[in-house]
Amino acid sequence: MILFFIILGSFLLYAKSKYFNQELRKIHAFASQSKWLTRILGYVLLTFSTYHLVELFDLATGLVVSFFTTTMIMSLMVLALSLHKNFIYVFASTALIALLLDFGLPNFL
């Protein structure tokens, strides 16, 4: 769930950027119309995930893991979404796989 919140929060913050992929006009239009809502929701999700990582790994390690994970996801998002429109599906499926793994799908296998 932590990875899903980081991915969703990063996506919301990137969606309101002027460098967001213009082929995804509906998402960009929604994020541009409600900038404050998008910004607040993105930062709340990132803060929530950082809080849970700090709770899980203690203070120093949780902050380092949160910083590393957020930086990795944001950089991959910028690279993947700027290449082609179809990469949104790759990004969404990766987020879904991360969510399923976070809920403990391997425990069922």
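First things first, this report covers the structure right here in the doc. (Residues numbered from 1 in each chain as written. Predicted model: local features only at pLDDT ≥ 70, side-chain atom pairs only at ≥ 80, totals over all residues. Heavy atoms only, no water.)

Side chains of Trp36, Ile40 and Val44 sit close together on the surface and give an oily, nonpolar patch of about 360 Å² of accessible area. Inspection of the secondary structure assignment puts Trp36 in helix α3 (residues 35–57). (Patch = residues over 30% accessible without salt bridge, like charges linked within 9 Å, V, L, I, M, F, W, Y side chains within 5 Å. Areas by Shrake-Rupley, 256 points an atom, 1.4 Å probe, with all protein chains shown as cover. Salt bridge = Lys/Arg side-chain N within 4 Å of Asp/Glu carboxyl O. Helix = DSSP H or I, 4+ residues; strand = E, 2+ residues; numbered from the N terminus.)

With that settled, the discussion passes to the packing of aromatic side chains. Any pair of aromatic rings gets described here by the distance separating the centres and the angle formed by the planes. If you walk through the whole model with that rule in mind, you get 4 aromatic pairs. Their ring planes at 75 degrees and their centres at 5.8 Å tell us that Phe11 and Phe20 sit as a pair that is edge-to-face. In this structure, Phe11 and Phe20 share a single accessibility class: buried. (Phe/Tyr/Trp six-rings, centres within 6.5 Å; stacked < 30°, edge-to-face > 60°. Buried < 20%, exposed > 50% of the residue type's maximum accessible area, 1.4 Å probe, protein only.)

Next up on the list: the environment of Leu24. Note that Leu24 resides in the loop between α1 (2–15) and α2 (25–33). You can call Leu24 buried: its relative accessible area is 11%.

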